[in-house]
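The residues making up each chain are set out below.
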Amino acid sequence: MKTILLVLYRIYQIVVMIPMIVGLTILTGLVTVLGSLLGGGRFWGYWPPHIWAKLCTWLTLVKVEVKGSENIQEKTSYVFVANHQGAYDIFSIYGFLNHNFKWMMKIGLRKFPVIGISCKAAGHIFVDNSSPAAIKRTMATAEKTLQRGMSVVVFPEGSRSRTGRMGRFHTGAFQLAMEFHLPVVPVTIDGAYQVLPRGQWLPHWGKIVLTIHKPIAPPADEADRRRVSDLSADAIRSALPERYR
């Protein structure tokens with residue numbers, strides 16, 4: 001029975017899901033670019049992708065459960081830090097965090113068709129650490145962006161996990177929190193690895209749990225930055241099964 005369901009699911013993916021997600025992605029990218037150019041990226045950089053992400057999870061037959069929404073306030077700026085289990089982390093955050101934000105992403109993503117153009121138009125923050133001057137420009141962009149309740153989402157591991165287990169955190173997110181005095185909110189993503197692990201192209205139906213933990217006060221100085229990083233990692237691990245900690 002399970003084999004039959006999987007075969008039917010694969011047929012559904014090829015015939016229905018993939019064409020619809022491709023079409024929705026292109027449409028969302030175009031709407032985001034045009035809307036951001038005409039009306040600013042604060043609205044258009046969030047709401048079209050927010051709807052897109054919800055539709056994509058629905059089309060994939062993936063349910064996302066959110067815990068801890070009461071821990072964050074609508075008009076407060078945060079640095080959200082999340083573990084990075086797989087590609088469906090993007091859908092989970094965009095569709096179900098329910099807080100306006102910008103991504104902090106690798107500058108290489110600007111080269112991706114549609115996605116790179118729409119992310120640039122929407123005002124997402126591309127990290128360029130190729131030189132001290134480039135890092136300074138990145139921080140200046142971040143300072144300008146993170147105003148009036150706008151937040152940022154960072155995957156401190158830097159890339160998707162190959163095993164589902166959490167990797168070592170880089171310091172960029174916590175440096176940002178320290179520089180701009182923003183509280184850090186750890187977010188646990190559990191289930192995205194089972195839905196679509198790194199190295200696979202077709203997702204599997206399933207359930208993802210998004211746990212929003214209580215904010216942590218921004219690091220006071222360089223010495224305090226490691227403490228905040230460790231507290232964030234511990235909070236994220238606390239909502240993961242033992243095998244992924």
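The rules behind the values
Residues numbered from 1 in each chain as written. Predicted model: local features only at pLDDT ≥ 70, side-chain atom pairs only at ≥ 80, totals over all residues. Heavy atoms only, no water. Pairing = 2+ DSSP bridges. Helix = DSSP H or I, 4+ residues; strand = E, 2+ residues; numbered from the N terminus. Axes fitted to C-alpha atoms, helices over the stretch in contact; angles between N-to-C directions. Contact = heavy atoms within 4.5 Å. Buried < 20%, exposed > 50% of the residue type's maximum accessible area, 1.4 Å probe, protein only. Parallel < 35°, antiparallel > 145°, perpendicular 65-115°, else oblique. Nonpolar A, V, L, I, M, F, W, Y, C, P; charged D, E, K, R; others polar. Disulfide = S-S within 2.5 Å. Core = buried A, V, L, I, M, F, W, Y, C linked by side-chain atoms within 4.5 Å.

### A few points about the sheet that holds strand E1 (residues 62–67)
Taken in spatial order, the 7 strands make up an open sheet running E1-E7-E6-E2-E5-E3-E4, and their pairing is mixed. The outermost strands of the open sheet, each flanked by one partner alone, are E1 and strand E4 (125–127). Each adjacent strand pair in this sheet contributes to an overall mean axis angle of 25 degrees, direction not counted. Where strand E2 (residues 79–82) and strand E6 (residues 184–190) come together, 4 bridges link them in parallel fashion. Looking at the pairing, Phe 80 lines up with Val 185 of E6. Its contacts with the sheet put helix H7 (residues 172–180) on E2, strand E3 (101–106), strand E5 (151–154) and E6, and the angle it makes with E2 is roughly 165 degrees.

### Considerations on the pairing of E2
Side chains Val 79 and Val 81 project from E2 onto one buried face, and the interleaved Phe 80 and Ala 82 project onto a second face that is buried too. Alignment of E2 against E5, held across 3 bridges, turns out to be parallel. Paired with Phe 80 across the two strands is Val 153, which belongs to E5.

### Some words on the packing of helix H1 (residues 2–39) against helix H3 (residues 47–59)
Running from amino to carboxyl end, H1 crosses H3 at an angle of 175 degrees, the nearest separation of the two axes being 10 Å. The angle between H1 and H3 falls in the class roughly antiparallel. Along the contact surface, H1 presents Tyr 12, Met 17, Met 20, Ile 21, Leu 24, Thr 25, Thr 28, Val 31 and Thr 32, while H3 presents Pro 48, Pro 49, Trp 52, Leu 55, Cys 56 and Leu 59. Counted by class, the contact of H1 with H3 contains 12 nonpolar, 3 polar and no charged residues.

### Describing the side chain of Thr 145
Note on placement: Thr 145 falls in helix H6 (residues 132–145). Beyond its immediate chain neighbours, meaning those up to four positions away, Thr 145 contacts Lys 102, Gly 123, Ile 125 and Met 150.

### A word on the state of the cysteines
Under the defined criterion, the tally for this structure stands at 0 disulfides. There is no disulfide at Cys 56, and the cysteine sulfur nearest it, in Cys 119, is 14 Å away. Judged by relative accessible area, which is 0%, Cys 56 ranks as buried.

### Overview of the nonpolar core
Generally speaking, nonpolar side chains in soluble globular proteins are found buried as a group. One finds Phe 80, Tyr 88, Ile 93, Phe 101, Trp 103, Ile 189 and Ile 208 to be the most contacted residues of the largest nonpolar core, which totals 36 residues. The element that contributes the greatest number of residues to this core is helix H4 (residues 88–96), accounting for 5 residues. Setting aside anything within four residues of it in sequence, one finds Ile 208 in contact with Val 62, Lys 63, Val 64, Glu 65, Tyr 88, Ser 92, Ile 189, Asp 190, Gly 191, Ala 192 and Val 195. Grouped together as the second largest cluster of nonpolar side chains are 23 residues, Ile 125, Val 152, Phe 180 and Val 184 included.

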